[in-house]
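# Breakdown of the fold
One letter stands for each residue in the lines below.
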Amino acid sequence: MTEPRMIEISPVTRVEGHGKVTIHLDADNQVDEARLHIVEFRGFERFIRGRLMWEVPVIVQRLCGICPVSHHIAAAKAMDMIAGVDRLTPTAEKMRRLMHYGQVMQSHVLHFFHLAAPDLLFGFGAPAEKRNIFEVIREKPELGKRAVLMRKYGQEIIEATAGKKIHGTGAIPGGINANLSIEKRDHFLSTIDEMITWAQDALKLARDYTLEHEDLVAGFGSFPSNYLSIVREDDGALDLYHGNLRALNSSGDEIFDQIPYTRYHELIVEDVRSWSYMKFPFITELGPDAGWYRVGPLARMNTASFIDTPLANAAHRDLRAFSDGKPNHSTLANHWARMIEVLHCVEKIRELLNDPDLQGTDLVTRGDRREEGIGVIEAPRGNLIHHYRVDENDQVTYCNLIVSTTHNNEGMNRAVKDVAVKHLSGQEQITEGMLNHVEVAIRAYDPCLSCATHALGQMPLQVELFGADGSMLDSKTQSS
Amino acid sequence: MSPDQKNEAGFTFTIDGVEVTARAGQTILEAADEAGIYIPRLCDHEGLRHQGSCRVCTVKAGGRSVAACTQPAEAGQTVENETAHLTKMRRDLVEMLFHEGNHLCPICEASGNCELQAMAYRLDMTDATRFPYLEPCRAVDATHPDIALDTNRCISCGRCIRASQDVDGKGVFGYVGRGIHRRVAVNGDNLADTDAEVTDHAISSEVCPVGCIIRKRVGFATPIGERKFDKGLIGHEIEEKRK
């Protein structure tokens, strides 16, 4: 018997942003509670108010340095709607898609090779000093080189379409501000076949890992849940840039399907809890207990009917076959799904580079102004919702952002608890390697904690004072 | 040519040891421009009357500090422009302009076209300002259908005031306040209350050196790489005359 104790993993490493995990152990060393806390605070939803509508895609992308393009494009789509534009010119839409595929490619590569690979290659319990990208490069130089060059390729696609590798200005309300020159197109085409090959190799690596560690994967933060994403209109194909909302339950049955994303607020409610700056969304009709859901690469593999590029589609069928066509619930299978999406993105980039529309000169469409705009995309980490209202003076009066990491909040917390119970309960000695297992579960969602803490307003705050004997002496609550 | 020798073209003086020819009535800055020597400036603008208020164009003429945009050139004068002392003083002035306003270059639509930003690059203002930020909190005036004002970015150069009065024949802008509180404001309750039009010279993107006067719905339409100062340091067009 020991005293009850709390273990804190702070900060959680190899994720974007700042968070911590607290694990409460009882007197028998059994895990009583385990939570992922988001301890940073951003405030974008509040301070964007009063800014001018065309500034929004440039300002809100500063939420993130890893996938700013996602926020840039989601905000631009919302501003298209406010500018009264329902359909972009072919050049504008294809340039934005190219930007987005470059973004998803580089972000997924960053996550898989730089953040997750050290765990997968060296083991979750490997010494901490070994679990980093430099060791990956030292021990697997060819793999390390590909990681750097694939990410570079995606970043250069972003630079060519947005003007800068990070925080560009390409997407503007109603369109895009530049097309793709022939010189740049030819530059990218010169190595696209190599990128396809490398993406296939990376996919094989992720797939083999999942299958070779089937028992570990099956029992590591795996639990049934609902899944949500946008899918392509009409045929339900994977579409990272545009589509309608689809949600499936853990058996793969439809909760809702092909609902225009402009109705997201009828379908989803955001819940607030006292111990985190991050909200907890759930599907309205199912309620907070049963309505939580997961988003992201694996969720998209579960929701998409098929993929419209041949190599990724074959890989999608392969992944689905392992769960008999039903949703795959394995948290660690996200890596496999992520690499299928990298292959899809590279195939899409090749398709677009061969499309002469990218050299078109009709870049911007105008329309009749509206007061409200909603833009939704599938960002690398999952579904991303941007919602704004703008007054007659072009100033923002309302902003609501639901980012992928927020969608996954409940899922990540459950994964944390699941792994903590399985790997820490009953242990006399808690090692750093054991604690890394908890971080591995969080990392599999590739969370972006910076993006997820954008809200500003009165948060419910609870302060509790405990005496030495563990009894609560006082409690103060500031409600929202 | 001896310093006091004058021909039909005018007279000569030197800037940093380089002989410059000037005509009677020209300022040091005008003569320098024609000779392909760039003297940094912010409140001065071609086509507008000189004001000499920002002091970024300060040079040493005959050992005295003067504003090159208002000081007449004189025959035989010895002018110092690019000295370590003057560059530091100019950088300090620009730094103070940054700390007085909210100059958030990463999200400002003037970025790449902004003379303040370009001047900071030219003067090698690579560190964060040493002065405390004043962080003004002035509401954006977006009441006009085609123009918006974000005076948190205003550097009080007064170029819009002179352009409106002298070129447009209006009086849309004027100074209000005294001392540290002096700033540019509109002559009315807000911009919609004035006779400002988007076609006014005062509203044109070349007059406002920063992102204060904004023509609505055109922000970020110019891609990165094609903006004014993506192609070279501020003043490079003037310096290229000498090459």
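Residues numbered from 1 in each chain as written. Chains lettered and ligands numbered in written order. Predicted model: local features only at pLDDT ≥ 70, side-chain atom pairs only at ≥ 80, totals over all residues. Heavy atoms only, no water.

Moving on, we get to the sheet that holds strand E2 (residues 19–25) of chain A. Residue and element names in this part refer to chain A. Spatial strand order, E1-E2-E3: three strands in an open sheet with antiparallel pairing. This sheet does not close on itself; its edge strands, each paired only once, are strand E1 (5–9) and strand E3 (31–38). Looking at each pair of strands side by side, their axes are set apart by 15 degrees on average, direction ignored. When E1 meets E2, the two strands line up antiparallel, connected through five bridges. When the sheet's bridge partners are listed, Ile7 is paired in E2 with Ile23. (Pairing = 2+ DSSP bridges. Helix = DSSP H or I, 4+ residues; strand = E, 2+ residues; numbered from the N terminus. Axes fitted to C-alpha atoms, helices over the stretch in contact; angles between N-to-C directions.)

Residues and elements named next belong to chain A. Sheet architecture is open: three strands sit in the order E12-E13-E14, paired in antiparallel fashion. Edge strands, defined here as strands with exactly one partner in the open sheet, are strand E12 (372–379) and strand E14 (396–402). Recorded for the sheet is a direction-independent mean angle of 10 degrees between the axes of neighbouring strands. With eight bridges joining them, E12 and strand E13 (residues 382–390) adopt antiparallel strand pairing. Residue pairing across strands places Gly375 opposite His386, the latter belonging to E13. Relative to the sheet, helix H3 (residues 68–82) contacts E12 and E13, its axis offset from that of E12 by approximately 150 degrees. (Contact = heavy atoms within 4.5 Å.)

Turning our attention to the domain arrangement of chain A. By domain assignment, chain A separates into domain 1 (5–39 + 423–478) and domain 2 (44–414). Between domain 1 of chain A and domain 2 of chain A, the C-alpha centre-to-centre distance is 27 Å. (Domains from an automatic or database assignment.)

Here we take up the nonpolar core. In this structure, A:Ile23, A:Tyr388 and A:Val438 are the most contacted members of the largest nonpolar core, which totals 131 residues. For this core, the leading source of residues is helix H4 (residues 90–122) of chain A, giving 14 residues. The next biggest cluster of nonpolar side chains, apart from the first, holds 42 residues, and it includes B:Cys54, B:Val94, B:Ala110 and B:Ile213. (Core = buried A, V, L, I, M, F, W, Y, C linked by side-chain atoms within 4.5 Å. Buried < 20%, exposed > 50% of the residue type's maximum accessible area, 1.4 Å probe, protein only.)

To continue, consider the side chain of B:Arg41. Residues and elements named next belong to chain B. Mapped onto the secondary structure, Arg41 falls in the loop between helix H1 (28–35) and strand E3 (58–61). Given the relative accessible area of 11%, Arg41 is considered buried. From its side chain, Arg41 meets the backbone oxygen of Ile39 in a polar contact 2.7 Å long. In this view, Arg41 contacts Leu29, Asp33, Val56, Cys57, Glu115, Met119 and Ile238; residues no more than four positions away in its chain are not counted. (Polar contact = N/O pair within 3.5 Å; in protein donor to acceptor, adjacent residues only side chain to side chain.)

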